[in-house]
Amino acid sequence: MTVIAPQLPGDIARLPAFDAGIENDDIARERCASFRSVALRLREAIGKRVVGQQTVVDQTLWALFAGGHVLLEGVPGLGKTLLVRTLGDALHLDFSRIQFTPDLMPADIVGTQILMDDDAGHRVMQFRPGPIFTQILLADEVNRASPKSQSALLEAMQERSVTVGGETHRLRAPFLVLATQNPIEQEGTYPLPEAQLDRFLLKIAVPSVERADLHEILRRTTTSTETPVTPILDGERIVQAQRLARRIVMALPVQDYVIRLVLATHPGGEYADPQAAREISVGASPRAAQAIVTTAKVRALLDGRFHVSIADVHAVAASALRHRIVPSFEAEADGLDSDRIVSGIIARLQRQIPEDAS
Amino acid sequence: MDRIRSLVALARLRLLLQEWILASWFVLSIVFGVVLMIIIERRVTGATAAIGVPSRSAMWLVGSIAFACALAALIGWLQVRARQQTMEQVALELDARIGSGERLSTALALSVDETISSDAFARAAIADAMAYAGDPDLLGRTREAFPVRLGNRWWVAPALLVAAVAAWWFIPQRINEPAVLKDAEAALATERPKSPEEKRLEELLKTVEQTPELAAKLDADLETARRTLDEAANGPVRSPDDAARESLKRMAELQQRLAEVADSKESKASRELRDSLAKLELPKDQNAARDLAEALKQGDFEAAKKAVEELKKAAAGSELSKEDREKLAKALENTAKQLETLSKDPAKMAEALRSAGMDPALANNAQALQQAIAQSKDLNDSQKEALQKMAQSVKDAQSQLGQMSQQMDQMASQCKNPGQQGQKGEKGQQGQKGQSGEKGEKGDQGSESQAQSGQGEKSGQDGGDMGQMLDQAESDRQMAMAADSCNSQSQGGQQSSGMSEAEADSALSASAESAKSGNGGGKKQGSSGNRAEASGGNRAFRETGFGTKLQKEKGQKQDGDVIARQLVAGQSPVGESRVGLQEVAGTIATGYERGSDEDPVPAHLRDVHKRYFGDLRKKFEERGVEAKKPAGDAGGK
């Protein structure tokens, strides 16, 4: 486990507070514009190291500004860890990495109390924080640890606090868990339970890179040149950006669309998609709707809009829903994964508002 | 916001219009299809005629097209109303079609929510939307996004319409239209004028009914004829030809019965009586006796009866002088003598016997005459029967003449001696005795003569009442004349009718089936001949109603007896027939094949034919018998 200390930012201090004075129309527009330019710079900075994974980068940034955790899933060597490390470099935040292994214990994650001599020569129990006490946590190959160790993340991810020895320790905001897992090596792994999966705002599928991107990857990684990434945002600005994003408005028709989208994944429900009902055994929770809305708002903000569109919902739906629905046996037998099920639901879902929506 | 609302309203209008067009066009296609099917069905089977679909009516076609358009428009409108969308829904659809990222729908939704509109971001969103809506090109893009046009299969409705018009124009109407025919028949039944045959039957019925005696005799036949006319007018629908044919049948039956009545012994006797009375010579003095004689000579028994009443009054009264009474009595005695002479006159019978090649002297001896006729070898059965009937009628007439003579004598006596009543009773007894003797003679002749002898008996019992005798004579005369008249009327009508010979034959044969005897034609001929003579030759001689002569040809047997439709050579087989089962099976199989192939069995009997021979074949197969073709068919087909 390595704790990487963030470097001091150069021009971060000159950035305005994103959520200051936004009750005024003009200032709100100005803050949004300022945020968009910073986010764009951040995106470009990450892009200097991570090649060909722009969608993954975007989705990671959505989760960052939405205040949610990310589960990155992809075969080894696609740059998952690089992405997280680069993000850590681009943000003036504390960064930790935990390599999950079967023998990893919860205390190895959250920390433990140790017996120490105080200044008076008395022996006292003192809490020694684990690597979770950071702002960006890379939980590498999270499915390789035992469920007991995996559950150690639960409280931290949801409550953003850690309780050890009856003592609760708050985590500093922002707190972002970026977990990775390998979908093909299932032997000796412990698939994350549904409850824990639900804690992740988005589950981002890391795709294989294109030919041109691979050329660029080789050029950058097989030479002696290194691409430095300077910090662009600090934790405070990130939290401000998170508050700013939540101010983005969502009209009732769009909100209803999100609700119907989530309810469509509930087999046997009133709004269940008839075909999806056959393909899904367990539908998405209300937390999925929250995830979609918050993420869509970030996307809308990054897109320069003050309202959420259905296109935003579509863009975030797959990553927000794919780990929250459980495909049925029939779907798995047919070779249908969650992404195809979700896209099928979206394709069949009416855009228009039903009569009883109001 | 007005701009946004106007855009959404425009989109909504175009959306509704488009939906209305699509729905209406779809319904129009269906209705045109139905119209096409109705036209084709109407022309091919005609079943829709029952629901009032005319065969060729441009008005109906135009009306159908107009109805289809109206129905399509109405259903389209109902469809649009049922699927009418709210402004928010339309705004969402508009956003989707023009790719505005839900700007317009969000602005519309936020504008009505006061809590949200107070938010800076909401205001910013609305302002963005308004700026977006302010794009001058957006109106055109909205129109493009909501096109108002026909669907991809717009050509179906016009094609069906063209097909319907073409079908209406070109497909010929089949003749066989059950429903149309039914209507036509119904109209015909209500409006059809009566055929000449029906009119003639009606007239004949009226004529017959004018004579109660004749109507009473023909009561059953008249009832049948009336029912036929009633059914033709009010009953099940018939074609004019059927009605005419039925009327002809009934008329033919009535003719048959009228001929029988005209040929009855009462009618013949009445004719003989009148023929004989026509020979009376009238007294010279003009008195009641002359009136009576004149009435009798003319065969007017009604007038004769009145004359008798006058005579009775005159004889009983005191107005006449003795001289007049003597004159009257003398005239009556003279007439009585003439009647007595006529009652013994064998001339007519002798003439008939002579014509038949028999001895005229036989006319003087009734018993010998009967035997001679019965034993004659030169006469056929028909001729014998005619002669016997003639002899009987002559005898009956002579009997009546004799009675009249006696009554005249009595009246003459009364005229001479007004107070002498006892003679009447004696004469009456004498008359009764005489009649009894006659009755004894007639006893051998069978029941036919019973009625006549009864007449004589009756007059005898009444003490020789001339009035009753004349009443009976008048009744017989009227019946005979009415039968003759009606028969003549019906036959004359048939001859003048426009029916084809085949139809007339058909009707006659139908009536002949209902007739009792097979020699009706011969009888009719004979009776007609007699009537012609009786009426002094005024009526033309007519063999049969339609000039058809029923006659039996004598066939010649050749080489064997005719035992079936086939001529079997040699001796007729008698007793048990033993034929090999195989041969029978072969014959049946051959017959089955011929019935099916060469000589087609009628369609409605084919199933029966197949089942019967199929069962037979199974039975043969159960017994293991193979069909063996008969020898005659060995080299056959």
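These figures come from a predicted structure and were not determined experimentally. (Residues numbered from 1 in each chain as written. Chains lettered and ligands numbered in written order. Predicted model: local features only at pLDDT ≥ 70, side-chain atom pairs only at ≥ 80, totals over all residues.)

K.L.:
Honestly, the overall build of chain B in this entry has me stumped. Any pointers?
P.N.:
Within chain B one finds 27 helices and zero strands. Scored against the burial criterion, the 637 residues of chain B give a buried share of 34%. Across chain B, the fraction of contacts at a sequence separation of at least 24, relative to all contacts at a separation of at least 6, is 72%. (Helix = DSSP H or I, 4+ residues; strand = E, 2+ residues; numbered from the N terminus. Buried ≥ 20, exposed ≤ 12 C-beta atoms within 10 Å, placed from the backbone. Contact = placed C-beta atoms within 7 Å.)

K.L.:
I keep staring at the overall build of chain A and nothing clicks. Help me out?
P.N.:
In terms of regular secondary structure, chain A is built from 14 helices and 14 strands. Counting over 358 residues, chain A shows a buried share of 47%. For chain A, contacts bridging at least 24 residues in sequence account for 77% of all contacts bridging at least 6.

K.L.:
What exactly am I supposed to notice about the interface of chain A and chain B here?
P.N.:
Accessible area lost during the coming together of the parts is what is often quoted as the interface size. The partner chain B presents 21 residues to the 22 residues of chain A that form the contact. Of all the secondary-structure elements, those providing two or more residues to the side of chain A that touches chain B are helix H1 (25-49), helix H9 (252-263) and helix H12 (310-321) of chain A. When grouped by side-chain class, the residues that make up the side of chain A that touches chain B number 12 nonpolar, four polar and six charged. (Nonpolar A, V, L, I, M, F, W, Y, C, P; charged D, E, K, R; others polar.)

K.L.:
How should the pairing of strand E2 (residues 69-73) of chain A be read in this particular structure?
P.N.:
Side-chain direction in a regular strand flips from residue to residue, so the side chains alternate between the two faces of the sheet. Residues and elements named next belong to chain A. Within E2, five of the five residues are buried, which leaves the element mostly enclosed by the surrounding structure. Taking every second residue as pointing to the same face, both faces of E2 are buried, with His69, Leu71 and Glu73 on one and Val70 and Leu72 on the other. Here E2 pairs with strand E11 (residues 200-205) via five bridges, running parallel. In the strand pairing of E11, leucine 71 is matched with lysine 203. (Pairing = 2+ DSSP bridges.)

K.L.:
Please clarify how the packing of helix H1 (residues 2-44) of chain B against helix H7 (residues 137-145) of chain B should be interpreted in this entry.
P.N.:
When two helices pack together, their arrangement is given by the angle between their axes and by how far apart the axes lie. Residues and elements named next belong to chain B. Packing of H1 against H7 brings their axes to within 9 Å, and their N-to-C directions diverge by 20°. As the angle between them shows, H1 and H7 are arranged roughly parallel. Every pair of crossing elements has a handedness; the one defined by H1 and H7 is right-handed. Residues Leu7, Leu10, Ala11 and Arg14 of H1 form the contact with H7, whose participating residues are Leu138, Thr142 and Arg143. Considered class by class, the residues forming the contact of H1 with H7 number four nonpolar, one polar and two charged. (Axes fitted to C-alpha atoms, helices over the stretch in contact; angles between N-to-C directions. Parallel < 35°, antiparallel > 145°, perpendicular 65-115°, else oblique. Left-handed = near helix turned anticlockwise from the far one by under 90°.)

K.L.:
I keep staring at the nonpolar core and nothing clicks. Help me out?
P.N.:
If you look at soluble globular proteins, the nonpolar side chains tend to sit buried side by side. Core analysis: the biggest nonpolar cluster contains 145 residues, and Leu178, Ile292 and Val313 of chain A together with Phe32, Leu104 and Ala125 of chain B have the highest contact counts within it. Here this core takes 15 residues from H1 of chain B, the largest share from any one element. Membership of the second largest hydrophobic core comes to 47 residues, among which are Ala315, Ala329, Leu342 and Ala391 of chain B. (Core = buried A, V, L, I, M, F, W, Y, C linked by C-beta atoms within 7 Å.)

K.L.:
Please clarify how the confidence of the model for chain A should be interpreted in this entry.
P.N.:
Interpretation of this model should avoid reading the predicted coordinates in detail wherever pLDDT is low. Residues and elements named next belong to chain A. Averaged over every residue, the pLDDT of chain A is 84; the share at 70 or more is 94%. Within chain A, no element has a lower average pLDDT than strand E1 (residues 2-4), which sits at 44, and none a higher one than helix H11 (residues 286-302), at 93. Counted against residues more than four places away or in other chains, residues 1-8, with its pLDDT under 50, gives 16 contacts. (pLDDT = per-residue confidence, 0-100.)

K.L.:
Looking at this structure, how should I read unusual backbone geometry?
P.N.:
Among all residues except glycine, the phi angle is most often negative; among peptide bonds, the trans geometry is most common. Put simply, alanine 173 of chain A and proline 174 of chain A share a cis peptide bond, and its omega is -5°. In this fold, proline 174 of chain A is placed in the loop between strand E9 (167-170) and strand E10 (176-181). Non-glycine residue glutamate 141 of chain A carries a positive phi angle of around 50°. Along the chain, glutamate 141 of chain A turns up in the loop between strand E7 (136-140) and helix H5 (147-159). Within the chain, glutamate 102 of chain B stands out as a residue other than glycine whose phi angle is a positive 60°. Assignment of secondary structure puts glutamate 102 of chain B in the loop between helix H3 (87-98) and helix H4 (103-111). What makes glutamate 102 of chain B buried here is the crowd of 31 C-beta atoms within 10 Å.

K.L.:
Would you mind going over H12 of chain A with me for this structure?
P.N.:
Since there are 3.6 residues in each turn of an α-helix, residues three or four apart along the chain are aligned in direction. Residues and elements named next belong to chain A. For H12, with 12 residues, the first-to-last C-alpha span of 15 Å sits near the 16 Å given by 1.5 Å per residue. Taken together, the buried positions of H12 are occupied by Ile310, Asp312, Val313, Ala315, Val316, Ala317, Ala318, Ser319, Ala320 and Leu321. Looking at the buried side of H12, the elements it contacts are helix H2 (54-66), E11, H9, H11 and helix H14 (338-348). (Expected span 1.5 Å × (residues − 1).)

K.L.:
Just to check I follow, could you spell out the confidence of the model for chain B for this structure?
P.N.:
Residues and elements named next belong to chain B. Residues with a pLDDT of 70 or more make up 70% of chain B, whose mean pLDDT is 71. Between residues 421-464, whose pLDDT stays under 50, and residues either more than four places distant or in other chains, the model counts 46 contacts. Note on residues 496-545: pLDDT is under 50 here. Beyond four places in sequence and across chains, it has 59 contacts. In the predicted complex, the global pTM is 0.52; the interface-specific ipTM is 0.81.

K.L.:
Before we go on, may I ask you to explain the pairing of strand E8 (residues 161-164) of chain A in this structure?
P.N.:
Residue and element names in this part refer to chain A. One ladder, built from four bridges, connects E8 with E9; its direction is antiparallel. Along E9, the bridge assignment pairs valine 162 with histidine 169. Connecting E8 to the next strand, E9, in antiparallel fashion are two residues, including glycine 165 with a positive phi near 60°.

K.L.:
How should I be thinking about H4 of chain B in this particular structure?
P.N.:
With eight of its nine residues buried, H4 of chain B lies for the most part within the structure. Regarding H4 of chain B, the residues found buried are Arg103, Leu104, Ser105, Thr106, Ala107, Leu108, Ala109 and Leu110 of chain B.

K.L.:
Can you walk me through the packing of H1 of chain B against helix H8 (residues 156-170) of chain B in this structure?
P.N.:
Residues and elements named next belong to chain B. Remark: H1 packs on H8, axes separated minimally by 8 Å, with the N-to-C direction vectors making an angle of 20°. Classified by the angle between their axes, H1 and H8 sit roughly parallel to one another. H8 is crossed by H1, and the crossing has left-handed handedness. Residue-level contacts link Trp25, Leu28, Ser29, Phe32, Gly33, Val35, Leu36, Ile39 and Ile40 of H1 to Val156, Ala157, Leu160, Leu161, Ala163, Ala164, Ala167 and Trp168 of H8. In the contact of H1 with H8, the residues fall into 15 nonpolar, two polar and no charged.

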